[in-house]
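What the coordinates show
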Protein chains: 2
Amino acid sequence: MDPVWISDLAAACDLPVATVKYYLREGLLHPGEATGATRARYDDSHVRRLRLVRALSEVAGLRLDAIRAVLEAVDDESRSWHEAVGSAHARLARADVVTGSPSLPRVDELLRRRGWHVRPGSPHRADLARALDALASLDHPASDDLLDRYAQAVEGIAEKEVTAVTTTDRATAVEHVVVGTLLLEPVLLSIRRMAQEDASYRLRR
Amino acid sequence: MDPVWISDLAAACDLPVATVKYYLREGLLHPGEATGATRARYDDSHVRRLRLVRALSEVAGLRLDAIRAVLEAVDDESRSWHEAVGSAHARLARADVVTGSPSLPRVDELLRRRGWHVRPGSPHRADLARALDALASLDHPASDDLLDRYAQAVEGIAEKEVTAVTTTDRATAVEHVVVGTLLLEPVLLSIRRMAQEDASYRLRR
């Protein structure tokens, strides 16, 4: 698009101008091209970034500090494609490294059963162990059978998801991984909840 | 367990006493049995509730107001089992009713293809439409093929998840649905991310 003012930018992203100014102040959006002391013009790159920030906030439910961390990984040009993807992925995880979780051996057994290559320091391994610990503490343990069903359900899809990122442009590739991971998660979860609603209707009405 | 003081309760749940007091003030934890002006004793029901609050906060990542809404649905004895489950489920959703989302027809087509019974007012239907809108706005649309894969992956599991709640005690049943929905989601997502890590390792190293 041709360069536009901030009000046009806000309208293009369906956001209040105040929100756009807030994201600018917080450094989540790069400055426009200054055309005077208080005016600046914006382009497609701003529209795209704003839509990403908005989706991470409203759809993925991330807090501002988490959005900032993800964007830093996306923007850090000093990192390779792989490093940036790994870093963005890691920053999405909840847990720090967990030691002494009673469920870690179960996670590792699952990985062995599936033959998956997951780094010992992967935050997802720790996230899973923590969730299993919490379920056990609430007398609602997740069975190995259920874990295997989940694993089987997602492993066929993961390859398709990863190969969908075919672009070689680094910034676009990293952004795609972030979007694919974070915004497809609400998609998967909404579908799971609807499947449960349907099962509940069929089995319990 | 035998009645204990607040310090024992905090220790049993691996939480600071200040956090337990905060949850008491905020009404997320029911008061103990008063034994003096400033002392009270707590029992198993407090341990169980505290573990639930902690898991909803730390593992499921819910904010305090969302935790409160979920607990209200769990605790409201005036509702039937089904109403309470439906209400708790609904409060977990992000979206309000969405009208005019360009993706709603795609959601309804998906439901028709699967033959799923989902109420038109289901918040998960709106959540899914919103997530699809966001993906499309970021030039990263989710294909019908991917939606069908997700649906196929979860529909076999949903029945098992729903029938796992076999208890007839209302409060326990509702709590199980909440725990099963909210805490199995991080389990599913962690497993998905590990499957992606594995696929990325195999396909891109």
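From a predicted model like this one, the values you see are computed outputs, not experimental measurements.

1. With respect to the nonpolar core
- One finds Val187 and Ile191 of chain A together with Val187 and Ile191 of chain B to be the most contacted residues of the largest nonpolar core, which totals 120 residues.
- The contact partners of Ile191 of chain A, leaving out residues within four places of it in the chain, are Leu110, Trp116, Leu128, Leu147, Tyr150, Ala151 and Val154 of chain B.

2. Brief notes about the interface of chain A and chain B
- With 82 residues of chain A at the interface, the matching set in chain B holds 82 residues.
- Roughly 7,800 Å² of surface becomes buried between chain A and chain B when both sides are summed, with 66% attributable to carbon and sulfur atoms.
- Viewed at the interface, chain B and chain A are joined by 10 salt bridges.
- With a shortest N-O distance of 2.7 Å, Arg193 of chain B and Glu185 of chain A are connected by a salt bridge.

3. Section: the relation of the copies chain A and chain B
- Of the transformation placing chain A onto chain B, the axial shift is 0.0 Å and the rotation is 180 degrees, giving an RMSD of 0.1 Å. These values place the two chain copies in the arrangement generated by a two-fold rotation axis. Considering only C-alpha atoms, the residue of chain A closest to the rotation axis is Ala153 of chain A, which sits at 2.3 Å.
- Looking at the interface residues of chain A, 100% of them are also at the interface in chain B, so both copies use one shared face.

4. Brief notes about the environment of Asp169 of chain B
- Within the element layout of this structure, Asp169 of chain B appears in the loop between helix 8 (144–163) and helix 9 (170–204).
- Residues Asp169 of chain B and Asp43 of chain B lie 126 residues apart in sequence; the distance between their C-alpha atoms is 20 Å.

5. Focus on the packing of aromatic side chains
Residues and elements named next belong to chain B.
- Per the counting criterion, the structure on display carries 2 aromatic pairs over all chains.
- When the ring of Tyr22 is compared with that of Tyr23, the centres are 6.1 Å apart and the planes differ by 40 degrees; the resulting orientation is tilted.
- For Tyr22, a relative accessible area of 32% gives the class partly exposed.
- On the accessibility criterion, Tyr23 (7% relative accessible area) is buried.
- Residue placement shows Arg41 over the ring face of Trp5; its charged tip is 4.6 Å from the ring centre.

6. Structural notes on the pattern of salt bridges
- The tally for this structure, following the rule as stated, stands at 32 salt bridges over all chains.
- Notably, a salt bridge pairs Arg63 of chain A with Asp65 of chain A, separated by 3.8 Å at the nearest N-O pair.
- Looking at Arg63 of chain A, the relative accessible area reads 59%, which means it is exposed.
- You can call Asp65 of chain A partly exposed: its relative accessible area is 47%.
- Two residues, Glu197 of chain A and Arg119 of chain B, come together in a salt bridge whose shortest N-O distance is 3.1 Å. Of this pair, Glu197 of chain A sits in helix 9 (residues 170–204) while Arg119 of chain B sits in the loop between helix 6 (104–114) and helix 7 (123–137), each in a different chain.
- Assessed through its relative accessible area of 41%, Arg119 of chain B is described here as partly exposed.
- Three or more residues joined by partner-sharing salt bridges are found here, namely Arg113, Arg114, Asp148 and Glu155 of chain A.

7. Structural notes on unusual backbone geometry
Residues and elements named next belong to chain A.
- Phi at Asp14 takes a positive value of approximately 60 degrees, unusual for a residue other than glycine.
- Here Asp14 lies in the loop between helix 1 (6–12) and helix 2 (17–25).
- The exposed category is assigned to Asp14, whose relative accessible area is 59%.

8. Quick notes on helix 7 (residues 123–137) of chain A
Residue and element names in this part refer to chain A.
- Taking 1.5 Å of rise per residue, 15 residues should cover 21 Å, and helix 7 covers 21 Å from first to last C-alpha, within 8% of that figure.
- With 11 of 15 residues buried, helix 7 is to be regarded as a mostly interior element.
- For helix 7, the complete set of buried residues consists of Pro123, His124, Arg125, Ala126, Asp127, Leu128, Ala129, Ala131, Leu132, Ala134 and Leu135.
- Of the residues trailing helix 7, Asp139 is marked for its positive phi of about 55 degrees.

9. Here we look at the environment of Ala40 of chain A
Residue and element names in this part refer to chain A.
- Positionally, Ala40 belongs in strand 2 (residues 40–41).
- Using a relative accessible area of 16% as the deciding quantity, one classes Ala40 as buried.
- Between the alpha carbons of Ala40 and Gly180 there is a distance of 32 Å; along the sequence they are 140 residues apart.
- Setting aside its immediate chain neighbours within four residues, Ala40 contacts Val4, Trp5, Ile6, Gly32, Glu33, Ala34 and Thr35.

What counts and how
- Residues numbered from 1 in each chain as written.
- Chains lettered and ligands numbered in written order.
- Predicted model: local features only at pLDDT ≥ 70, side-chain atom pairs only at ≥ 80, totals over all residues.
- Heavy atoms only, no water.
- Core = buried A, V, L, I, M, F, W, Y, C linked by side-chain atoms within 4.5 Å.
- Buried < 20%, exposed > 50% of the residue type's maximum accessible area, 1.4 Å probe, protein only.
- Contact = heavy atoms within 4.5 Å.
- Buried area = accessible area lost by both parts, 1.4 Å probe.
- Salt bridge = Lys/Arg side-chain N within 4 Å of Asp/Glu carboxyl O.
- Least-squares fit on C-alpha atoms with pLDDT ≥ 70 in both.
- Helix = DSSP H or I, 4+ residues; strand = E, 2+ residues; numbered from the N terminus.
- Phe/Tyr/Trp six-rings, centres within 6.5 Å; stacked < 30°, edge-to-face > 60°.
- Lys NZ or Arg CZ within 6 Å of the ring centre and 35° of its normal.
- Expected span 1.5 Å × (residues − 1).

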